[in-house]
Amino acid sequence: VNGKMIYNCVDIYKQPALNHPLLQNHKIQMEPSFSVPKSNRFENKMRKNIIGCPNGTVPILKNIKDHAANTQYFAEKYFNPLTVESHGTHFAGIRLQKDGPYYGIAAWISVHDLNISRDQASYANMYVGNRGVNGAGCYNTVCPGFIQVSKDDPLSEPLPNAPEGKRNIALTIQQDTDTGHWWVTDIEEGNKPDIHIGYWPKELFDLMGGGANILGIGGAVQSSPSGVSPPMGNGHLPTKKDMDSARVSEFLYRYENSDFKNYYQYSKLDKLLDSEKCYGLKKGDDYFFTFGGPGGNSCGI
């Protein structure tokens, strides 16, 4: 996601997602029925740029066709969140898939500045899923039919520049069991109201109407065509000091009709780390886990 993204403020009832063939009779849910977890582990919360659309409208990416084409190509060709077999992609993260179905995931993830080339990608991600026929997935607004509800906070948006140090973002993806929709919420600090960004309607899913059986979070990179892999996290391998590494401070999950719970059993999670020479994954001392690495030209395929 780059800083040249342009948004139009569009009537909420005329947003492009409603043109999806499965959403012709969809009634927009303006806010979810669930509560959002809070944490005392906030560092310096990254404030995204506020779009500030008028009431009754929502921000829609103007150049969505170019952005969607590039992002979906990347997702389909290089990154499958359910496997570690994607050519040119490397992972350092965890996956929970033993005691589902799950109805939500929440995490606090540190944010860092990296220098990467235009033909590389490096990011942290959080996902929910079910194993389907081919395990395929998609991302953010590239998943057709995402309903934008917030007039200020779009789902796909570059983060503003900020000094390196203690800063993070916090998000949840959870299913509203009253409606079946999968909501994305930007968790705010303290008593500040959380921002419900929007949701993927239940009509879009065959396999996730009753929760998801996979939750995951971590870092991922895509190498350039020359085979050079970019840095991940803060560009350094995890160290003994959690604060010197990219980190996930907390990892929470939710069952149906229950509150979020902290997951503490790091040893029981699936570990996704396919290039120990270039990247690392480590149980944290004060934080849940740390990850990242410098990348390079010998990280494997």
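Residues numbered from 1 in each chain as written. Predicted model: local features only at pLDDT ≥ 70, side-chain atom pairs only at ≥ 80, totals over all residues. Heavy atoms only, no water.

The name an unreviewed UniProt entry gives the chain is Neprosin PEP catalytic domain-containing protein, with Brassica napus as the organism.

(A) Here's a closer look at unusual backbone geometry. Residue Pro 101 is bonded to the preceding Gly 100 through a cis peptide linkage, with omega at 10°. Position of Pro 101 among the secondary structure elements: in the loop between strand 3 (89–96) and strand 4 (104–110). Unlike most non-glycine residues, Asn 257 shows phi in positive territory, near 55°. Its location among the elements puts Asn 257 in the loop between strand 11 (246–254) and strand 12 (261–262). (Helix = DSSP H or I, 4+ residues; strand = E, 2+ residues; numbered from the N terminus.)

(B) A look at the environment of Ser 150. Here Ser 150 shows up in the loop between strand 6 (147–148) and strand 7 (168–175). On the accessibility criterion, Ser 150 (9% relative accessible area) is buried. Linking Ser 150 and Ile 12, residues 138 residues apart in sequence, is a C-alpha distance of 9.4 Å. Here the side chain of Ser 150 touches Asp 152 through a polar contact of 3.2 Å, landing on its backbone nitrogen. Within polar-contact distance, the side chain of Ser 150 engages the backbone nitrogen of Asp 153 at 3.0 Å. (Buried < 20%, exposed > 50% of the residue type's maximum accessible area, 1.4 Å probe, protein only. Polar contact = N/O pair within 3.5 Å; in protein donor to acceptor, adjacent residues only side chain to side chain.)

(C) Representation of the nonpolar core within the structure. Grouped together as the largest cluster of nonpolar side chains are 38 residues, with contacts concentrated most on Ile 217, Phe 251 and Phe 289. Broken down by secondary-structure element, the contributors of at least two residues to this core are strand 3, strand 4, strand 5 (121–129), strand 8 (182–186), strand 9 (195–200), strand 10 (214–222), strand 11 and strand 15 (289–292). Of the residues forming this core, the biggest block, four residues, is contributed by strand 11. Sequence-distant contacts of Ile 217, defined by excluding residues within four places in its chain, comprise Gly 93, Ile 94, Ala 107, Ile 109, Asn 125, Met 126, Tyr 127, Val 248, Phe 251 and Phe 289. By size, the runner-up hydrophobic cluster in this structure holds 19 residues, among which are Ile 12, Val 36, Val 58 and Ile 60. (Core = buried A, V, L, I, M, F, W, Y, C linked by side-chain atoms within 4.5 Å. Contact = heavy atoms within 4.5 Å.)

(D) Looking closely at the pattern of salt bridges. All chains considered together, the criterion is met by two salt bridges. Note that Arg 95 is salt-bridged to Asp 270, the shortest N-O span being 3.6 Å. Of this pair, Arg 95 sits in strand 3 while Asp 270 sits in strand 13 (residues 270–273), placing them 175 residues apart in sequence. Between Asp 152 and Lys 151 there is a salt bridge, with its nearest N and O atoms 3.4 Å apart. Of the residues examined, Asp 152 reaches a relative accessible area of 22% and is grouped as partly exposed. (Salt bridge = Lys/Arg side-chain N within 4 Å of Asp/Glu carboxyl O.)

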